[in-house]
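Architecture and fold: a report
Single-letter residue listing:
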Amino acid sequence: MERSLSLHITQDRNFAMWRCFRSTCGWAGRVFPESSAAYSEVTNNWMTVDSLGLEPLGDKLIAYFGERMISEKTLWRNAVMQLSGNQSVIALTYRQNGRLVGCKYRSMGKRFWQEKGTEKILYGLDDIQEANEIIIVEGEVDKLSVEEAGFCNCVSVPGGAPQKVSAKELPSLDKDTAYHYLWNCKEYLDKASRIILATDGDSPGQALAEELARRLGKERCWRVSWPKKEDSSCFKDANEVLKNLGADALREVIENAELYEVNSSIQEI
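Throughout what follows, the structure given in this document is the object of discussion. (Residues numbered from 1 in each chain as written. Predicted model: local features only at pLDDT ≥ 70, side-chain atom pairs only at ≥ 80, totals over all residues. Heavy atoms only, no water.)

As for the packing of aromatic side chains
Under the counting rule described, the total for this entry stands at four aromatic pairs. Seen in terms of ring centroids, Y179 and Y181 are 6.0 Å apart; in terms of plane orientation they differ by 50°. Their pairing is tilted. No difference in accessibility class separates Y179 from Y181, as the two residues are buried. In this structure, R194 is placed above the aromatic ring of W222, and the distance from its NZ or CZ to the ring centre is 4.5 Å. (Phe/Tyr/Trp six-rings, centres within 6.5 Å; stacked < 30°, edge-to-face > 60°. Buried < 20%, exposed > 50% of the residue type's maximum accessible area, 1.4 Å probe, protein only. Lys NZ or Arg CZ within 6 Å of the ring centre and 35° of its normal.)

Here is the structure:
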């Protein structure tokens, strides 16, 4: 009678996923209707803070985030850590239902890499479990920045943005490898009636917004427009706005997001 197995099947029956949360098991997997077999994995040892060699942030990295207007409270709530004994490597922990399921590392020189076995999910997933409105950003630091503006219902994509919008039709779910993180979080995203896309303002960021909107449904997507600087160029992302204009200005920008134009798209190359 132990309720350790979590199973989710989408209403359109196009995707199913499962995971056993028993500490001695860890069986998980997913399947698509077009697939001849399910993809599954068995993890006998949970990923833990100790197994990854993580520790609380030291003064150096706390100061680093402080310069970016990210508070210790926000860092603590999002379980941002560092590699043990190395105050030059940030550890951005990915969690689902409170359990550590992955880790992305970022050096002071802005080099990124992931822990082997990191699951493809959105960063901050537990913050949108029951959210009717969701904000999606392009980087983990932007997710932390949006929280400083008062929004916890925010997640970040785990990887970078595409250079351009694909001219092809959307692939089937099992072949949509670049966006598996969306389908792995479909149970959460399906609950949202309004999704605010706050990706970067550069060309790749705009392409990412279009690719996300194509998959999530443009009719429920809103798009953030980053404010202009004095030289008429625009701020790039949430953290730039937070650093230069403050939390209230960032909140106002998000609140003023505009409905995504259903019949428009970024020029395909």
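Having seen the model, we can carry on.
Remarks on the pattern of salt bridges
Counted according to the given criterion, the structure contains 17 salt bridges. Residues K104 and E140 are paired through a salt bridge, measuring 3.2 Å at the closest nitrogen-oxygen approach. With K104 in strand β8 (residues 99-107) and E140 in helix α4 (residues 140-148), this pair connects stretches of sequence that are 36 residues apart. Note on accessibility: K104 and E140 belong to one class, buried. Notably, a salt bridge pairs E130 with K191, separated by 3.4 Å at the nearest N-O pair. (Salt bridge = Lys/Arg side-chain N within 4 Å of Asp/Glu carboxyl O. Helix = DSSP H or I, 4+ residues; strand = E, 2+ residues; numbered from the N terminus.)

Topic: α4
Residues three or four positions apart in an α-helix share a direction because the helix packs 3.6 residues into each turn. Most of α4 is tucked away, with eight of its nine residues classed as buried. Among the residues of α4, those classed as buried are E140, V141, D142, K143, L144, S145, V146 and E147. One or two residues past the end of α4 sits G150, with phi positive at roughly 105°.

Digging into the side chain of S156
By the secondary structure assignment, S156 is in strand β11 (residues 154-156). Take S156: its relative accessible area is 0%, and that puts it in the buried class. There is a polar contact of 3.4 Å between the side chain of S156 and the backbone nitrogen of E140. Here S156 is in contact with L122, Y123, V137, E138, G139, E140 and K143, once residues within four sequence places are set aside. (Polar contact = N/O pair within 3.5 Å; in protein donor to acceptor, adjacent residues only side chain to side chain. Contact = heavy atoms within 4.5 Å.)

Brief notes about the packing of helix α8 (residues 238-245) against helix α9 (residues 247-255)
Two numbers describe how α8 lies on α9: the axes approach to 7 Å, and their chain directions differ by 140°. On the basis of the axis angle, α8 is oblique to α9. Contact residues: A238, V241, L242 and L245 in α8; A247, A249 and L250 in α9. Residue composition of the contact of α8 with α9, by class: seven nonpolar, no polar and no charged. (Axes fitted to C-alpha atoms, helices over the stretch in contact; angles between N-to-C directions. Parallel < 35°, antiparallel > 145°, perpendicular 65-115°, else oblique. Nonpolar A, V, L, I, M, F, W, Y, C, P; charged D, E, K, R; others polar.)

As for the sheet that holds strand β10 (residues 133-137)
Note on sheets: strands pair through backbone hydrogen bonds, and any given pair is parallel or antiparallel. Taken in spatial order, the five strands make up an open sheet running β11-β10-β12-β13-β14, and their pairing is mixed. Each of the sheet's edge strands pairs with one partner strand only, and the pair in question is β11 and β14 (258-259). As defined by bridge partners, strand β13 (residues 221-223) adjoins β14 across two bridges and the pair is classed as antiparallel. Residue pairing in the sheet places R223 in a bridge with E258 of β14. (Pairing = 2+ DSSP bridges.)

Quick word on the pairing of β10
β10 sits mainly inside the fold: four of its five residues count as buried. As paired strands, β10 and strand β12 (residues 194-198) are joined by five bridges and run parallel to one another. Looking at β12, one finds that I135 is bridged to I196. Sheet topology note: the β10/β11 ladder contains three bridges and is parallel. In the sheet register, I135 faces β11, and the bridge partner there is C154. After leaving β10, the chain enters α4 and then returns to the sheet as β11, a path that is right-handed. (Right-handed = clockwise from strand over helix to strand, strands pointing away.)

Focus: the nonpolar core
In terms of nonpolar packing, the biggest core is built from 58 residues, with F65, V80, I135, I136, L197, L212 and L216 touching the most fellow members. Among the elements that make up this core, the one with the highest residue count is helix α7 (residues 203-216) (five residues). Not counting residues up to four positions away in its chain, the partners in contact with I135 are V146, F151, N153, C154, V155, I196, A198 and I254. M47, M81, A91 and C103 belong to the second-largest nonpolar core, a separate cluster that totals nine residues. (Core = buried A, V, L, I, M, F, W, Y, C linked by side-chain atoms within 4.5 Å.)

Section: the packing of α4 against α8
Following both chains from N to C, one finds α4 and α8 inclined at 45°, their axes separated by 8 Å at the closest point. Relative to α8, α4 is oriented oblique. With respect to the hand of their crossing, α4 and α8 are arranged in left-handed fashion. On the side of α4, the interface is formed by V141, D142, S145, V146 and E148, while α8 contributes A238, N239 and L242. (Left-handed = near helix turned anticlockwise from the far one by under 90°.)

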